[in-house]
Each structure stands twice: as structure tokens, then as C-alpha cells.
Amino acid sequence: MPQAPKSPTPIRVLVADDQALIRRGMAMLLDAEADIQVVGQAADGDEAVDMAQRLKPDVVLMDLHMPRKSGVLATREITAGLPRTRVMVLTTFDRDELVFDAVRAGAQAYLLKDASEE
């Protein structure tokens, strides 16, 4: 009797955004995908760093404008301490200087908040 094919290991994602509605909505959209598992939600940069160190996600979806610690600083700490974790920054403006700062800090990509669901 043939065995069923193994399902791929889901991509483990941490969502970090200070706006609860954005954070929860993004987590719901991502969790609905079969190959993505949201492992945590952080409300500020300090919490994002702490949760990333503890949960070791594959990807952190990081808002740039957050209290206590900016997304740029949090990105720098996460990518320095967790070289296998990738950071994708979440921003409102594609020309935001912070996007370039985040890429210099180790972010792999950016996503506009008004991007389509696809």
C-alpha cells in the first residue's frame, strides 16, 4: 500500500505590527494558507525581537513604524542573532527611507500595506 506523500513543512511566520487590526488581519490571511503557520504576533519592536529569539520563525513580517523599538532596529537585532530567519518589512510607502534602512539592517524584502492579497 503506497504511503501518502508527506506535506511540506509550513513556513513559520511571526507578524509584528503595532496596529492590532493590521496584525490580526495579516495573521488570519497568512494562517489560511496551507503552507504557512503563524507562530506569533508582536505589538512592538521589543516584543518582536523577544518572540523571534524564543520562537525562531522562518520569516518575520515587520512593520517599520512601531513603538519602543523601530522595525529597523528590531530587524537588525533579529537578523544578527538569527541568521536563518528572514525579515520582510511591512510599510505604507515604497519610497520610505526606512525601507532602505531596513534592507541595510538585513531585511530581505518589503511589502506594501495596500498590496493585493495575492
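Residues numbered from 1 in each chain as written. Predicted model: local features only at pLDDT ≥ 70, side-chain atom pairs only at ≥ 80, totals over all residues. Heavy atoms only, no water.

Asker: How should the nonpolar core be read in this particular structure?
Answerer: Soluble globular proteins tend to bury their nonpolar side chains together. Residues Val60, Met62, Ile78 and Val87 are the most contacted members of the largest nonpolar core, which totals 21 residues. For this core, the secondary structure elements donating two or more residues are strand S1 (11–16), helix H2 (45–55), strand S3 (59–63), helix H3 (71–81), strand S4 (86–91) and helix H4 (97–104). Every residue in contact with Ile78, bar those within four places of it in the chain, is listed here: Ala48, Val49, Ala52, Val60, Met62, Thr85 and Val87. Counting residues in each nonpolar core, the second largest holds 9 residues, with Val15, Ala27, Ile36 and Leu61 among its members. (Core = buried A, V, L, I, M, F, W, Y, C linked by side-chain atoms within 4.5 Å. Buried < 20%, exposed > 50% of the residue type's maximum accessible area, 1.4 Å probe, protein only. Helix = DSSP H or I, 4+ residues; strand = E, 2+ residues; numbered from the N terminus. Contact = heavy atoms within 4.5 Å.)

Asker: Which parts of the structure should I look at to understand the packing of H2 against H3?
Answerer: For any two helices packed against each other, one specifies the inter-axial angle together with the distance between the axes. Remark: H2 packs on H3, axes separated minimally by 9 Å, with the N-to-C direction vectors making an angle of 15°. Relative to H3, the element H2 is oriented roughly parallel. The handedness of the crossing between H2 and H3 is right-handed. Where H2 approaches H3, its residues Gly45, Ala48, Val49 and Ala52 are matched on the opposing element by Ala74, Glu77 and Ile78. Split by residue class, the contact of H2 with H3 holds 5 nonpolar, 1 polar and 1 charged. (Axes fitted to C-alpha atoms, helices over the stretch in contact; angles between N-to-C directions. Parallel < 35°, antiparallel > 145°, perpendicular 65-115°, else oblique. Left-handed = near helix turned anticlockwise from the far one by under 90°. Nonpolar A, V, L, I, M, F, W, Y, C, P; charged D, E, K, R; others polar.)

Asker: Even after reading the chapter, I still don't get the pattern of salt bridges, so can you show me in this structure?
Answerer: Opposite charge on two side chains permits pairing when their charged atoms draw close. Counting across every chain of the model gives 5 salt bridges. In this structure, Arg68 engages Asp46 in a salt bridge whose closest nitrogen and oxygen atoms are separated by 3.8 Å. Residue Arg68 is found in the loop between S3 and H3, and its partner Asp46 is found in helix H2; the two are separated by 22 residues along the sequence. Take Arg68: its relative accessible area is 62%, and that puts it in the exposed class. With a closest N to O distance of 2.5 Å, Asp101 and Arg104 form a salt bridge. (Salt bridge = Lys/Arg side-chain N within 4 Å of Asp/Glu carboxyl O.)

Geometric values such as these leave the question of function open.
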